[in-house]
Amino acid sequence: MKNIVILLSAMLFMVACEKKEAKVVVSVYDENGKIATGVPVKMYNEKDYKVFEKDNLTLPTAIIQTNESGMATFVLPREEWFATQSQRFLTFVIQEGGGPDNYQIWSSGKTVEAGKAVKVEIRLTQFPN
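Residues numbered from 1 in each chain as written. Predicted model: local features only at pLDDT ≥ 70, side-chain atom pairs only at ≥ 80, totals over all residues. Heavy atoms only, no water.

Student: Teacher, can you tell me more about the sheet that holds strand β7 (residues 117-124) here?
Tutor: Each strand in a sheet pairs with its neighbour through backbone hydrogen bonds, running either in the same direction (parallel) or in the opposite one (antiparallel). With respect to topology, 3 strands assemble into an open sheet ordered β4-β1-β7, the strand pairing being mixed. The sheet is open, and its two borders are formed by β4 (71-76) and β7, each paired with just one other strand. Each strand of the sheet is rotated relative to its neighbour by a mean of 20°, with strand direction disregarded. When strand β1 (residues 22-30) meets β7, the two strands line up parallel, connected through 8 bridges. Residue pairing across strands places Val25 opposite Lys119, the latter belonging to β7. (Pairing = 2+ DSSP bridges. Helix = DSSP H or I, 4+ residues; strand = E, 2+ residues; numbered from the N terminus. Axes fitted to C-alpha atoms, helices over the stretch in contact; angles between N-to-C directions.)

The structure is reproduced here in structure tokens:
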């Protein structure tokens, strides 16, 4: 019996120490509140977003298209994203056009913690010319 208790305790410890990933689900809606499918959602880490703010042609840290439900899911493995810090501030961007003029950007930033799930919503409103 003692061996079973030790074995179960070791298994529970291993499960508790399991490397968990963070997940960010970005939901995209058009100006009428309908889901937007097939839209590329760019994700920038803290450093890359600062570069993007100066040059909107900067390549994203990651990019995923929204699925048939209007969602783009970013999975962030703990060992890659949270090795040196337990949380990150990430910015999610949808962009039409690019360069010095004739572009439109929608974005939302969120703090993401290791092992947690976060939801982000972006509504693609149109601005008058």
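Student: Could you clarify how one ought to interpret the nonpolar core in this entry?
Tutor: For soluble globular proteins, the rule of thumb is that nonpolar side chains tend to be buried together. In this structure, Val24, Val26, Leu76 and Phe92 are the most contacted members of the largest nonpolar core, which totals 23 residues. Counting residues per element, the ones that place at least two in this core are β1, β2 (40-44), β4, β5 (87-97), β6 (103-113) and β7. (Core = buried A, V, L, I, M, F, W, Y, C linked by side-chain atoms within 4.5 Å. Buried < 20%, exposed > 50% of the residue type's maximum accessible area, 1.4 Å probe, protein only.)

Student: What is the right way to read unusual backbone geometry from this model?
Tutor: Most peptide bonds are trans, and most residues other than glycine sit at a negative phi. Within the chain, Asn102 stands out as a residue other than glycine whose phi angle is a positive 60°. Among the structural elements, Asn102 can be located in the loop between β5 and β6. Taking the relative accessible area as the measure of exposure, Asn102 reaches 71% and is therefore exposed.

Student: How do you make sense of the packing of aromatic side chains when you look at a structure like this?
Tutor: Geometrically, a pair of aromatic rings is defined through the distance of the ring centres and the angle of the planes. According to the stated counting rule, one finds 4 aromatic pairs in the structure shown. Through pairs of rings, three or more aromatic residues link up here, namely Tyr44, Tyr49 and Phe52. (Phe/Tyr/Trp six-rings, centres within 6.5 Å; stacked < 30°, edge-to-face > 60°.)

Student: Can you help me understand the pattern of salt bridges in this one?
Tutor: Here the structure, examined in full by the defined rule, presents 2 salt bridges. Put simply, Arg88 and Glu46 hold a salt bridge, and the shortest N to O gap is 2.9 Å. Residue Arg88 is found in strand β5, and its partner Glu46 is found in helix α2 (residues 46-54); the two are separated by 42 residues along the sequence. Since its relative accessible area comes to 26%, Glu46 is described here as partly exposed. With its nearest N and O atoms 3.7 Å apart, the salt bridge here joins Arg123 to Glu121. (Salt bridge = Lys/Arg side-chain N within 4 Å of Asp/Glu carboxyl O.)

Bear in mind that shape data such as this cannot, by itself, settle questions of function.
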